[in-house]
Amino acid sequence: MKAMVFGAALMAACLGWAAKETPGFVRVDWSEAEGEKWTIEGLADRETGRPMAKDTVFAICSNTKPITSVLVLTFVEEGLINLDDPLAKYFPGFADITYKGQKPKSPITLRQLITHMSGLPYGAAAKGRNADMTSYLEMVDIALKQGLRSESGVAYQYCGLGFQVIGAVLEKVTGRKVTDLMKERIFDPLEMTEATFYPDEKLLARVAWPYYYPPKGGAPVRYGFENRWTVPLNNPARTALLSGGLFCTAGDYLKFSQMLARKGLGLNGKRILTEQTFDTYLATRQTPTDDKVNASFDIHFGKDNLSGSKGGLFATGASWNWGNRSCSLNFRAKSPYAPKGMKSELDASGFGGARTTFVVTEKKVEGERASCLVANNDDRHGVALVKLVVNGKVVATKKVGLAIGESKRVAFVQKVESTDKVEFKVR
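Residues numbered from 1 in each chain as written. Predicted model: local features only at pLDDT ≥ 70, side-chain atom pairs only at ≥ 80, totals over all residues. Heavy atoms only, no water.

Examining helix α2 (residues 64-77)
Here is step 1 of the chain: Its 14 residues give α2 an end-to-end C-alpha distance of 21 Å, which sits within 8% of 20 Å, the value for a rise of 1.5 Å per residue.
Here is step 2 of the chain: In terms of burial, α2 is a largely internal element, 13 of the 14 residues being buried.
Here is step 3 of the chain: Where α2 ends, the next residue or the one after it, glycine 79, has phi of about 75°, a positive value. (Helix = DSSP H or I, 4+ residues; strand = E, 2+ residues; numbered from the N terminus. Expected span 1.5 Å × (residues − 1). Buried < 20%, exposed > 50% of the residue type's maximum accessible area, 1.4 Å probe, protein only.)

Some details on the packing of α2 against helix α9 (residues 275-282)
Here is step 1 of the chain: Between α2 and α9, the least distance of the axes is 11 Å, while the angle of their chain directions is 120°. In terms of orientation, α2 and α9 fall into the oblique class. α9 is crossed by α2, and the crossing has right-handed handedness. Two secondary-structure elements touch here, α2 through Val70, Leu73, Val76 and Glu77 and α9 through Thr277, Tyr281 and Leu282.
Here is step 2 of the chain: In terms of residue class, the contact of α2 with α9 is made up of five nonpolar, one polar and one charged. (Axes fitted to C-alpha atoms, helices over the stretch in contact; angles between N-to-C directions. Parallel < 35°, antiparallel > 145°, perpendicular 65-115°, else oblique. Left-handed = near helix turned anticlockwise from the far one by under 90°. Contact = heavy atoms within 4.5 Å. Nonpolar A, V, L, I, M, F, W, Y, C, P; charged D, E, K, R; others polar.)

Digging into the environment of valine 26
Here is step 1 of the chain: On the secondary structure map, valine 26 appears in strand β1 (residues 25-31).
Here is step 2 of the chain: By relative accessible area, valine 26 is classed as buried at 0%.
Here is step 3 of the chain: Between the C-alpha atom of valine 26 and that of tryptophan 38, which follows or precedes it by 12 residues, the distance is 7.3 Å.
Here is step 4 of the chain: The residues contacting valine 26, other than those within four sequence positions of it, are Trp38, Thr39, Ile40, Met52, Ala53, Phe58, Ala250, Leu329, Asn330 and Phe331.

Describing the packing of helix α4 (residues 136-146) against helix α5 (residues 161-174)
Here is step 1 of the chain: One way to put it is that α4 packs onto α5 with a least axis distance of 9 Å and a crossing angle of 125°. Here α4 is positioned oblique relative to α5, judged by the angle of their axes. The interaxial crossing formed by α4 with α5 has left-handed handedness. Of α5, the residues touching α4 (which contributes Tyr136, Met139, Val140 and Ala143) are Leu161, Gln164, Val165, Gly167, Ala168 and Glu171.
Here is step 2 of the chain: Residues of the contact of α4 with α5, tallied by class, amount to seven nonpolar, two polar and one charged.

So, the packing of aromatic side chains
Here is step 1 of the chain: Using the criterion set out here, one finds 15 aromatic pairs in the structure.
Here is step 2 of the chain: Seen in terms of ring centroids, tyrosine 253 and phenylalanine 331 are 5.7 Å apart; in terms of plane orientation they differ by 50°. Their pairing is tilted. You can see tyrosine 253 sitting in helix α8 (residues 250-261) and its partner phenylalanine 331 sitting in strand β12 (residues 326-332), a full 78 residues away along the chain. Of the two residues, tyrosine 253 and phenylalanine 331, neither departs from the other in class, the shared state being buried. (Phe/Tyr/Trp six-rings, centres within 6.5 Å; stacked < 30°, edge-to-face > 60°.)

A few points about the side chain of threonine 287
Here is step 1 of the chain: Following the sequence through the fold, threonine 287 ends up in the loop between α9 and β9 (300-301).
Here is step 2 of the chain: Classification of threonine 287 as buried rests on a relative accessible area of 5%.
Here is step 3 of the chain: A polar atom in the side chain of threonine 287 sits 2.5 Å from the backbone oxygen of valine 293.
Here is step 4 of the chain: Engagement of the side chain of threonine 287 in a polar contact is seen with the backbone nitrogen of alanine 295, the distance being 3.4 Å.
Here is step 5 of the chain: Here threonine 287 is in contact with Met117, Tyr156, Val293, Asn294 and Ala295, once residues within four sequence places are set aside. (Polar contact = N/O pair within 3.5 Å; in protein donor to acceptor, adjacent residues only side chain to side chain.)

Regarding unusual backbone geometry
Here is step 1 of the chain: The linkage connecting valine 231 with the following residue, proline 232, adopts the cis geometry, with an omega of 0°.
Here is step 2 of the chain: Mapped onto the fold, proline 232 is located in the loop between β7 (221-222) and β8 (247-249).
Here is step 3 of the chain: Notably, histidine 116 is not glycine yet its phi reads approximately 60°, a positive angle.
Here is step 4 of the chain: Along the polypeptide, histidine 116 turns up in the loop between α3 (110-113) and α4.
Here is step 5 of the chain: Its identity is not glycine, yet alanine 315 carries a phi of approximately 70°, on the positive side.
Here is step 6 of the chain: Following the sequence through the fold, alanine 315 ends up in the loop between β10 (307-311) and β11 (316-321).

Topic: the sheet that holds strand β6 (residues 211-212)
The strands making up a sheet associate through backbone hydrogen bonding, with each pair oriented either parallel or antiparallel.
Here is step 1 of the chain: The strand order across the open sheet built from three strands is β7-β6-β13, with neighbouring strands paired in mixed fashion. Pairing within the sheet leaves two strands with one partner each, and these edge strands are β7 and β13 (334-335).
Here is step 2 of the chain: Where β6 lies against β13, two bridges are found, and the strand directions are parallel. From the neighbouring strand, tyrosine 211 faces β13, where its bridge partner is lysine 334. (Pairing = 2+ DSSP bridges.)

Let's talk about the nonpolar core
Here is step 1 of the chain: Ranked by size, the top nonpolar core spans 96 residues in total, and within it Leu120, Ile186, Tyr253 and Phe256 carry the most contacts.
Here is step 2 of the chain: Not counting the four nearest positions on each side in its chain, phenylalanine 256 is found in contact with Pro66, Ile67, Val70, Ile186, Leu190 and Met192.
Here is step 3 of the chain: Membership of the second largest hydrophobic core comes to 15 residues, among which are Cys372, Val390, Val410 and Phe412. (Core = buried A, V, L, I, M, F, W, Y, C linked by side-chain atoms within 4.5 Å.)

Topic: the confidence of the model for the protein chain
Here is step 1 of the chain: Summary statistics for the protein chain give a mean pLDDT of 88 and a share of 89% for residues scoring 70 or more.
Here is step 2 of the chain: Below pLDDT 50 for its whole length, residues 1-20 participates in four contacts with residues either more than four positions away or in separate chains.
Here is step 3 of the chain: Taken together, the stretch residues 343-354 has pLDDT below 50 and engages in 35 contacts with residues farther than four places along the chain or on a different chain. (pLDDT = per-residue confidence, 0-100.)

Points about the environment of tyrosine 156
Here is step 1 of the chain: Tracing the chain through its elements places tyrosine 156 in the loop between α4 and α5.
Here is step 2 of the chain: The exposure class of tyrosine 156 is buried, given its relative accessible area of 8%.
Here is step 3 of the chain: Distance in space between the C-alpha atoms of tyrosine 156 and valine 293 is 6.9 Å, their sequence separation being 137 residues.
Here is step 4 of the chain: Within the structure, tyrosine 156 has its side chain in polar contact with the side chain of histidine 300 (distance 3.4 Å).

What follows is the structure, encoded as structure tokens:
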């Protein structure tokens, strides 16, 4: 009897350890044909033991960008702005911005701001303040002083600042706050009742806290939001960072994702974009054909251009397929870098280290073909080194370049027996 009790206790301890060391997640798979399937595992708050749930709130970071892009396109539809307008039309100072001390070959356009083609610096914050306490107009001034880091319109170069600048444009055109515009044009029609840039105490009581996992083991460390933003988060004086400041539930983001999968039409029957606008902009490549990044408005395409994906800094990922009208969300709670002041060395595979973090999923072995899906959920581009391991031995290696939020299937032609142990390793 004692042995049985001890065995049960040991198993419980092992299960508890496993739960503690693994990021919790909320996953939703939806298709118009089959409906939705939810998978919920792990903890949203390790300190209190609060589990993940359907109503868990996530900091979705860069998954904000597709929402901002859709907002901009609603103004394009109404003819209030033209994406090929020069930015200088709205802020004349950009007519004099320089690249390496010289006037650029072509002016920055509104389209380039939200397709990462503007050449602007990644971000801009006033000295002594975080970006969320720097106004859009201040960011415009900082950008003008810093100048361009590359010629505009030449190549994809990840840029959060472009989304803040487009916010300044929208506020100038309408004379209204961009947060109110987003609520009226996207959140309210789609019934996204808990999507906000300003989470209050009630929402934060349900938040999934991101944790940093030390590279050499040990307990995960909570990454407090004060490491990234200015608290309290519900302070309306904070700037709504259109590149990555939204908080929402997986259920709310599912409503937005269903709208993308249905080419602008929400599941509740509310149309946000016309199908023509969707096809012309979101479903059409915006990056140069000779660029390695195949994307539209921060939606990175699959090979057939009938699907796309996007990832956020704290491991929130979403993919959409408007070819078969389906979408998937996998919202986790993992920080790729350590909290400020933490003495532990940064993980070499994390945001602050030497390499980008990649995730391997959807492993397949069919006859002489073994493949896996590799995703980049980090906030930086990178080259994944994918290894096919058979029975503990590396038999083939491939390199694949992945932009932020991009996923690619990596296939190996390798004869594999049914009794072989097949693994994929990536770094």
